[in-house]
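Descriptive structure summary
Residue-level listing of the chains:
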Amino acid sequence: VLSRRGEVTRIVDGPKYKVVGTIGDAKLLRGVMNVNGWNEYHIIARGPVLMQLINGQLMAVALDEDAKHAPPGGVIGFQMHVGPPFKVQYRNIRYKKL
């Protein structure tokens, strides 16, 4: 986890993580999630700045300044959680290089 819901986190050499700001209360931001339907995730990754928006609401920001451990390129992955059986579905996936 680079940055938790409601936080702006700065990652520096080490890597060392430090919360440098807040977006909002994590419990209140949880209310943005649609638990019985689809949610829209929007990830903006530009240089060392990573922003996660869910259903139009900014949820987390990570400023990854750990140059020693930062790869020059990356892959796109889809997150899954461990635990009891569950169903994961994706639709309308779009990628736009800026």
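Before reading further, recall that the structure is shown in the block above.
Reference entry: report on the structure contained in this document. Values in this document were obtained by computation on a predicted structure and should not be read as measured data.

**Thoughts on the side chain of serine 3**
Structurally, serine 3 is set in the segment before β1 (7–12). A polar side-chain atom of serine 3 sits 3.0 Å from a polar atom in the side chain of threonine 9. From its side chain, serine 3 meets the backbone oxygen of valine 61 in a polar contact 2.9 Å long. If we skip the residues at most four places from it in the chain, serine 3 touches Val8, Thr9, Ala60, Val61 and Ala62.

**A few points about the pairing of strand β5 (residues 57–64)**
In this sheet, β5 lies alongside β1 in parallel orientation, the contact comprising four bridges. Note on β5: the bridge partner recorded for arginine 10 is leucine 63. Direction of pairing for strand β4 (residues 49–54) relative to β5: antiparallel, over a ladder of six bridges. Within β5, the position partnered with isoleucine 54 by the bridge is glutamine 57.

Conventions used here
- Residues numbered from 1 in each chain as written.
- Predicted model: local features only at pLDDT ≥ 70, side-chain atom pairs only at ≥ 80, totals over all residues.
- Heavy atoms only, no water.
- Helix = DSSP H or I, 4+ residues; strand = E, 2+ residues; numbered from the N terminus.
- Polar contact = N/O pair within 3.5 Å; in protein donor to acceptor, adjacent residues only side chain to side chain.
- Contact = heavy atoms within 4.5 Å.
- Pairing = 2+ DSSP bridges.

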